[in-house]
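Examination of the molecular architecture
Okay, here's what each chain looks like letter by letter:
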Amino acid sequence: MALLVFIVNVRSQARNRRIENLARFNEVHQRLFARHGYLANNLDAIESGTMQRDPSNPLAETQFHLMLLEIERLAILANNKAVPRSTQIYMFGSYAPTIRRLMTRQESESMYWELARKYLDSVAANARDYEKLTKAERSQFWR
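Residues numbered from 1 in each chain as written. Predicted model: local features only at pLDDT ≥ 70, side-chain atom pairs only at ≥ 80, totals over all residues. Heavy atoms only, no water.

1. Section: the overall build of the protein
So the rule is basically this: Working definition: helices are DSSP H or I runs of at least four residues, strands are E runs of at least two. Numbering for both runs from the N terminus. To measure how exposed things are, a 1.4 Å probe is used in the Shrake-Rupley method; for residues, cover is taken only from the protein chains shown.
The secondary structure content of the protein amounts to nine helices and zero strands. For the protein, the N- to C-terminal ordering of α and β elements is α-α-α-α-α-α-α-α-α. With the C-alpha coordinates aligned to their principal axes, the bounding extent of the protein is approximately 70 × 35 × 30 Å. Counting only carbon and sulfur atoms, one obtains 54% of the accessible surface of the protein, whose full area is about 9,500 Å².

2. Things to note about the pattern of salt bridges
For clarity, the threshold we go by: By convention in these notes, a salt bridge is any Lys or Arg side-chain nitrogen within 4 Å of a carboxyl oxygen on Asp or Glu. Relative accessibility decides the category of a residue: with a 1.4 Å probe and only protein chains considered, values under 20% of the type maximum give buried, values over 50% give exposed, and everything between is partly exposed.
Inspection of every chain in the model, using the stated rule, returns six salt bridges. Where arginine 53 meets glutamate 61, a salt bridge forms, and the shortest distance between an N and an O atom there is 2.7 Å. Comparing arginine 53 with glutamate 61 shows no difference in burial state: the two are buried. In this structure, arginine 73 engages glutamate 70 in a salt bridge whose closest nitrogen and oxygen atoms are separated by 3.1 Å. Placement of the pair is arginine 73 and glutamate 70 together in helix H4 (residues 58-79), with a separation of three residues, close to one helical turn. Salt bridges sharing partners connect three or more residues here, namely Arg31, Glu70 and Arg73.

3. Regarding the packing of aromatic side chains
For the record, the criterion: Note on aromatic pairs: the rings of Phe, Tyr and Trp (six-membered ring only in Trp) are paired at centre separations within 6.5 Å, and the planes decide the class, stacked below 30 degrees, edge-to-face beyond 60, tilted for the rest.
Counted by the stated rule, this structure contains five aromatic pairs. When the centroid spacing of 6.5 Å and the interplanar angle of 80 degrees are considered together, the rings of tyrosine 90 and tyrosine 130 count as edge-to-face. Taken together, the positions of tyrosine 90 in helix H5 (residues 85-92) and tyrosine 130 in helix H8 (residues 114-131) put the pair 40 residues apart, joining distant regions of the chain. A relative accessible area of 48% means that tyrosine 90 is categorised as partly exposed. The buried category is assigned to tyrosine 130, whose relative accessible area is 14%. Each ring, one from phenylalanine 92 and one from tyrosine 119, has its centre 6.5 Å from the other, and the planes form 20 degrees; the classification is stacked. Within this pair, whereas phenylalanine 92 is found in helix H5, its partner tyrosine 119 is found in helix H8, the two being separated by 27 residues in sequence. Relative accessible area serves as the criterion here: at 3%, tyrosine 119 is assigned to the buried category.

Rendered as structure tokens:
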């Protein structure tokens, strides 16, 4: 009986950790798309593929850097396997290539943005693979 209780408890704790990690990921994801944030302010341009960064706009540049910090938080969760890769691709894959393209050469080469850059590159590559899947194959990403 004790072994059965132990097994049930371990499974329950693992499920709770998974739910907590998904909640953390969702919190960061929501901050990325917060009202008046960089992504929310530029959503139409990002969706249409016309997004351009305006380095002369200090507010937008500040928002962009704050967005990169949130992306680093996603990367830390991803690197610690807190969230399934399929969830990351489904929820952020369509934005990763555009954001990565908007990074300046200086940001791309900076050791202080390596985590964000590598995360964006990997999610963008995975998203390209996701686009090639059939609807049935993509269903694994919807859990």
